[in-house]
Amino acid sequence: MFTGLIEEVGRFRSASLAGEAMVLTIDATRILGDVAIGDSIAVNGVCLTVISFTRSSFQADVMPQTYRHSNLKDLKPGSKVNLERAMLAGGRFGGHIVQGHVDGIGVIVSRKADANAVVFKLRAEGQDELAKFVIPKGSITIDGISLTVTEAEGGLIGVSIIPHTLAETALQDKQPGDTVNLEADIIGKYVDHLLHYRTSEPAGKSSRSGLSASFLADNGFF
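Throughout what follows, the structure given in this document is the object of discussion.

Thresholds, definitions, all that
- Residues numbered from 1 in each chain as written.
- Predicted model: local features only at pLDDT ≥ 70, side-chain atom pairs only at ≥ 80, totals over all residues.
- Heavy atoms only, no water.
- Helix = DSSP H or I, 4+ residues; strand = E, 2+ residues; numbered from the N terminus.
- Buried < 20%, exposed > 50% of the residue type's maximum accessible area, 1.4 Å probe, protein only.
- Contact = heavy atoms within 4.5 Å.
- Areas by Shrake-Rupley, 256 points an atom, 1.4 Å probe, with all protein chains shown as cover.
- Pairing = 2+ DSSP bridges.
- Axes fitted to C-alpha atoms, helices over the stretch in contact; angles between N-to-C directions.
- Arc of directions from axis to C-beta.
- 1 Å grid on protein atoms, 1.4 Å probe; cavity = no way out; pocket = protein on both sides within 12 Å on 5 of 7 lines; lining within 4 Å.
- Points joined across faces, edges and corners; volume = space filled by probe spheres on them.
- Nonpolar A, V, L, I, M, F, W, Y, C, P; charged D, E, K, R; others polar.
- Salt bridge = Lys/Arg side-chain N within 4 Å of Asp/Glu carboxyl O.
- Patch = residues over 30% accessible without salt bridge, like charges linked within 9 Å, V, L, I, M, F, W, Y side chains within 5 Å.
- Phe/Tyr/Trp six-rings, centres within 6.5 Å; stacked < 30°, edge-to-face > 60°.
- Lys NZ or Arg CZ within 6 Å of the ring centre and 35° of its normal.

**Some points on the overall build of the protein chain**
For the protein chain, the helix and strand inventory stands at four helices and 14 strands. Taking all 222 residues of the protein chain together, the buried fraction comes to 39%. A separation of at least 24 residues holds for 66% of the contacts in the protein chain among residues at least 6 apart in sequence. When the accessible surface of the protein chain is split by element, carbon and sulfur atoms take 53% of a total near 12,000 Å².

**Describing the pairing of strand S11 (residues 156-161)**
Extensive coverage of S11 is indicated by the burial of five of its six residues. In this structure, strand S8 (residues 117-124) lies alongside S11, joined through six bridges in antiparallel fashion. Its bridge partner being in S11, leucine 122 is matched across the sheet by isoleucine 157. The hairpin formed by strand S10 (residues 145-153) and S11 contains two residues between the paired strands, and glycine 154 there has a positive phi angle of roughly 60°.

**Some points on the sheet that holds strand S9 (residues 139-142)**
Strand order in the closed barrel made by the six strands is S7-S8-S11-S10-S9-S12, with antiparallel pairing throughout. On average, each strand axis in the sheet is tilted by 45° relative to the strand beside it, whichever way the strands run.

**Digging into the environment of aspartate 114**
Along the chain, aspartate 114 turns up in strand S7 (residues 104-114). Given a relative accessible area of 46%, aspartate 114 falls into the partly exposed group. Through-space distance from the C-alpha of aspartate 114 to that of isoleucine 161 is 9.4 Å; in sequence the pair is 47 residues apart.

**With respect to helix H3 (residues 186-196)**
Taken as a whole, H3 has its buried residues at Ile186, Lys189 and Asp192. One side of H3 holds all its buried residues, which, seen down the axis, span an arc of 125°. Across from the buried face of H3, at angles greater than 90 degrees, the exposed residues are Ile187 and Tyr190. The elements touched by buried residues of H3 are strand S12 (179-184).

**Considerations on the layout of surface pockets**
Taken as a whole, the largest pocket encloses approximately 360 Å³ of empty space. In terms of lining, the largest pocket is formed by 17 residues, of which the most central are Glu7, Arg85, Ala86, Met87 and Leu88. Of all elements in the fold, only strand S3 (40-43) and strand S6 (80-85) reach the threshold of two or more residues within the lining of the largest pocket. Tallied by class, residues from the lining of the largest pocket come to eight nonpolar, three polar and six charged.

**Some details on the pattern of salt bridges**
Any two side chains of opposite charge can pair, on the condition that their charged atoms come close. Under the definition given, this model contains nine salt bridges. One salt-bridge network, held together by shared partners, links Glu7, Asp34 and Arg85.

**Examining a nonpolar patch on the surface**
Side chains of Met1, Phe93, Ile97, Ile187 and Val191 sit close together on the surface and give an oily, nonpolar patch of about 420 Å² of accessible area. For valine 191, the location among the structural elements is in helix H3.

**Quick look at unusual backbone geometry**
The residue alanine 115 is not glycine, and still its phi comes out positive at about 55°. In this fold, alanine 115 is placed in the loop between S7 and S8. Judged by its relative accessible area of 79%, alanine 115 is exposed. Although it is not a glycine, aspartate 143 sits at a positive phi angle of roughly 50°. Here aspartate 143 lies in the loop between S9 and S10.

**With respect to the packing of aromatic side chains**
According to the stated counting rule, one finds zero aromatic pairs in the structure shown. Taking the ring centre of tyrosine 67 as reference, the NZ or CZ of lysine 73 above it sits at 5.8 Å.

**Notes on the pairing of strand S1 (residues 8-18)**
As judged from the four bridges shared by S1 and S6, these two strands associate in the antiparallel manner. Bridge pairing in S6 places valine 9 opposite asparagine 82. As judged from the seven bridges shared by S1 and strand S2 (residues 21-27), these two strands associate in the antiparallel manner. If you follow alanine 18 over to S2, its bridge partner there is alanine 21. In sequence, S1 turns back onto S2 through a hairpin of two residues, with glycine 19 there showing a positive phi of about 70°.

Below, the structure written as structure tokens:
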């Protein structure tokens, strides 16, 4: 699990491709101080497993599913990437619950200054299903960064970035037309699944269903 607080901006060095499978090599320094084989590192919000490392880089496998549903395939040599190690059990929870399981890709539509902030607006690429999980003042992960949604209307998602976040992440180089990885808040996804979950049982047996809206309401969840 991650929290969406970027620890380091690394550099994509290269990828070894075999169809839609890849082995990425990422240059980094700070996050490698205590790294071990098998550790999880979020790269632009995608949870990857370290398969080898040196003092200044690490390698990670990317399977076809991840290749298809993230922007890792768009990286070019020298591209900046946001990096975060998995959260320690006793660590400070500074962002929100981030799994590193990307829901889809977003495309930046606009980037505009707003006093000391920069407002990004983006559209989820072919992910209409994602819209119901994105609410104003709710949380969203964009390229691994925990951000607060400022707008969610007409298929657009807006976020406002403070100077520190812009300076300390790869967002500083992002422009309209660039892609970003999106992960919706896991709490909303679980609630939606429980409300719509159904299983059928053979005739003669009592049916079992997931938690209904009335059950949640009766027990103080709403």
